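A look at the structure
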Amino acid sequence: MDCNKFDEKFWKTIVNKSLAGIYIHDTDFKLIYVNEIVERATKFTKEELMKKSLYDLVHPDDLGLIKREVLKVFNGKATSYECRYVRKDGKVRWVWGYVLPIECDDEILALGNWIDITRKKQLENRLKENNELFRVLVDDSPNPAYILQDDKVAYVNQSLLNLTGYTREELSKLNPLELVHPEDRGMVEKRYRERLEGKRSVETYSWRILTKDGNVYWVTGRPSRIIYRGKPAVASILVDTTDLHRLTEMLKKKNEYLALVNKILRHDILNDITVIRAAFELGEEKLKESALKKLDRIESLIKESKAIEEAIGETYTINISDYIREIAKSYEDLANIQYSLTNVFVRANESIKSVIDNLLRNAVMHSNSEDIKITIETFVNGRYGVFRIIDDGKGIPDEIKDKIFEEGFSTVGGTGIGLFIAKKVVELLGGEIKVYDNSPSGAIFEVRLKRY
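These notes cover the structure that comes with them. Small disclaimer: the values here were computed from a predicted structure and weren't measured.

So, how was this worked out
Residues numbered from 1 in each chain as written. Predicted model: local features only at pLDDT ≥ 70, side-chain atom pairs only at ≥ 80, totals over all residues. Heavy atoms only, no water. Salt bridge = Lys/Arg side-chain N within 4 Å of Asp/Glu carboxyl O. Buried < 20%, exposed > 50% of the residue type's maximum accessible area, 1.4 Å probe, protein only. 1 Å grid on protein atoms, 1.4 Å probe; cavity = no way out; pocket = protein on both sides within 12 Å on 5 of 7 lines; lining within 4 Å. Points joined across faces, edges and corners; volume = space filled by probe spheres on them. Helix = DSSP H or I, 4+ residues; strand = E, 2+ residues; numbered from the N terminus. Nonpolar A, V, L, I, M, F, W, Y, C, P; charged D, E, K, R; others polar. Core = buried A, V, L, I, M, F, W, Y, C linked by side-chain atoms within 4.5 Å. Contact = heavy atoms within 4.5 Å. Pairing = 2+ DSSP bridges. Patch = residues over 30% accessible without salt bridge, like charges linked within 9 Å, V, L, I, M, F, W, Y side chains within 5 Å. Areas by Shrake-Rupley, 256 points an atom, 1.4 Å probe, with all protein chains shown as cover. Lys, Arg positive; Asp, Glu negative; His and termini not counted. Charge placed at Lys NZ, Arg CZ, Asp CG, Glu CD. Axes fitted to C-alpha atoms, helices over the stretch in contact; angles between N-to-C directions. Expected span 1.5 Å × (residues − 1).

Here the focus is the pattern of salt bridges. Pairs may arise between side chains of opposite charge once their charged atoms sit close together. Summed over all chains, the structure comprises 35 salt bridges. Between Glu197 and Lys199 there is a salt bridge, with the nearest N and O atoms lying 3.1 Å from each other. Each member of the pair Glu197 and Lys199 is classed as exposed. Counted as one network, the salt bridges with shared partners bring together Lys190, Arg191, Glu194, Arg195, Arg200 and Glu203.

Set out below in structure tokens:
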């Protein structure tokens, strides 16, 4: 089609009805032409606009920019810009403009085109505000925060890096579950998968995390399913609740301790004192012998209660082999003690000495010969440090294996408090104690304590 056949009226109509704003101004910036969209956008009539210069429309803060850009046009170069203009009603709008020089009657004029980008600018500003808000509330937050996506760490803030001791690069290569304490991984993973699939609503819960250097911290979060970069993800801001959980655990242990001590004081010791009182009042020789045994029992109860009190205190890292060597020295004259010890570091405190002492005493008391042989070994089993005290004594019949840790149970006329206290102390330290048969005879007492 030959476009040259279209007359001037046709082209003028196209320009006038264009959806882009079109204007022409001279070297004094006086407007000499505007199309309808300029009128509609500025709210000024064409007549009003013809009495104005370009500067009358430009926002005061952008005048310097426009002067520089238009100067390029009158030096023969086309240019583009973004600036604000002010409508007749005082409202401010944004435009993207493109200006080029044209020649008319030997005069250089500026032909400008503009497109309103106010909506784009509003979105940019909102995004900028949101980014700033995110930076202040999340990036710079003292609380750890993360986003998980595709089983990877998609985002972490500086506080989480500080807490875990990892760098961003290191975390990006880790499976996020490696940060979760092994005992909590199953629960955390299940909730993560269900939440990612939209099967679990928002909830608040706590779990333990492992730092790069092996420390354990409690965190509490409220993970939520979000869309991040176009795909489902799970995000949460965390609160370090380690102190709260430690305090709760300590209070729980103290309550157990107080309940036990209350029982010992109100029941065991009071009953024994009653026997002692009767012995002195009646003066019978047999009662006096019983009274002396009761005094020995009271002494043991008071001594072992101290071990429980220590067990509820702060735990720290100890080399269990060092404690075993220290306690076992006092039994080397009573038994042939063999050592198979390696450095095993566990979380415990001074109360573990009472456990070692009670188990060694028990092994000596239940030996079936004068040539007592006791083997003590230590080793690591996963997250636990383990020590075993192995004797070659009479062993423990199957029918009483479940009873030997009960308070007062004894087969040799003892107080029956030693193994009971040993079990309580180990449990208060977060460990466990078990007994097995030795071959060909004797017993194996195994204590497992957490390494971290």
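That was the structure; now back to the text.
This part is about empty space enclosed by the protein. Applying the stated rule across the entire model yields 4 cavities of 30 Å³ or more. Along the wall of the largest cavity there are 25 residues; nearest its centre are Tyr146, Leu148, Pro176, Val180 and Val188. Those elements that place two or more of their residues in the lining of the largest cavity are strand E6 (145-149), strand E7 (152-156), helix H7 (158-164), helix H9 (182-196), strand E8 (205-210) and strand E11 (231-240). For the lining of the largest cavity, the leading source of residues is H9, giving 6 residues. Residue composition of the lining of the largest cavity, by class: 17 nonpolar, 2 polar and 6 charged. The calculated volume of the second largest cavity comes to roughly 60 Å³. Considering the residues around the second largest cavity, the lining is formed by Tyr23, Leu54, Leu57, Val58, Ile66, Val70, Tyr81, Cys83, Tyr85, Val95 and Trp114. Those elements that place two or more of their residues in the lining of the second largest cavity are helix H4 (54-57), helix H5 (63-73) and strand E3 (79-86). Counted by class, the lining of the second largest cavity contains 11 nonpolar, no polar and no charged residues.

The next point concerns unusual backbone geometry. Following Ser439, the chain continues into Pro440 via a peptide bond in cis, with omega recorded as 10 degrees. You can see Pro440 is positioned in the loop between strand E17 (432-437) and strand E18 (443-450). Even without glycine at this site, Lys43 takes up a positive phi of about 75 degrees. Counting through the fold element by element, Lys43 comes out in the loop between helix H2 (36-42) and helix H3 (46-50). Among the residues examined, Lys43 registers a relative accessible area of 44% and is labelled partly exposed. Residues other than glycine seldom take positive phi values, yet Asp150 does so here, at roughly 55 degrees. Along the polypeptide, Asp150 turns up in the loop between E6 and E7. For Asp150, a relative accessible area of 47% translates into the label partly exposed.

Now for the nonpolar core. Grouped together as the largest cluster of nonpolar side chains are 43 residues, with contacts concentrated most on Ile320, Ile352, Ile374 and Phe387. Counting residues per element, this core draws most heavily on helix H13 (residues 352-365), at 7 residues. Excluding anything up to four places from it in sequence, Ile320 contacts Val344, Val346, Ile352, Ile356, Thr378, Phe387 and Leu449.

Glancing now at the pairing of strand E16 (residues 384-391). Counting buried residues in E16 gives 7 out of 8 residues, a clear majority hidden from the surface. In terms of strand pairing, strand E15 (residues 373-381) meets E16 through 8 bridges, oriented antiparallel. By the bridge assignment for E16, Val380 is matched with Gly385. Here E15 folds back onto E16, and the loop between the two strands holds 2 residues, one of which, Gly382, carries a positive phi near 65 degrees. Judged from the 7 bridges that link them, E16 and E18 form a sheet pairing that is antiparallel.

On the surface, Asp28, Glu103, Asp105, Asp106 and Glu107 cluster together into a patch of negative charge. Within the secondary structure, Glu107 sits in strand E5 (residues 107-116). A relative accessible area of 38% places Glu107 in the partly exposed class.

Our next topic: the sheet that holds E5. In space, the 5 strands of this open sheet follow the order E2-E1-E5-E4-E3, with antiparallel pairing throughout. Strands at the two margins of the open sheet, each flanked by one partner only, are strand E2 (31-34) and E3. Strand-to-strand, the axes of this sheet are offset by a mean angle of 30 degrees, without reference to chain direction. Sheet analysis places E3 next to strand E4 (residues 92-104), joined by 8 bridges and oriented antiparallel. Bridged to Glu82 within E4 is Trp96.

This paragraph deals with H13. Over its 14 residues, H13 runs 20 Å from end to end, which matches the ideal 20 Å to within 8%, given 1.5 Å per residue. With 11 of 14 residues buried, H13 lies mostly within the body of the structure.

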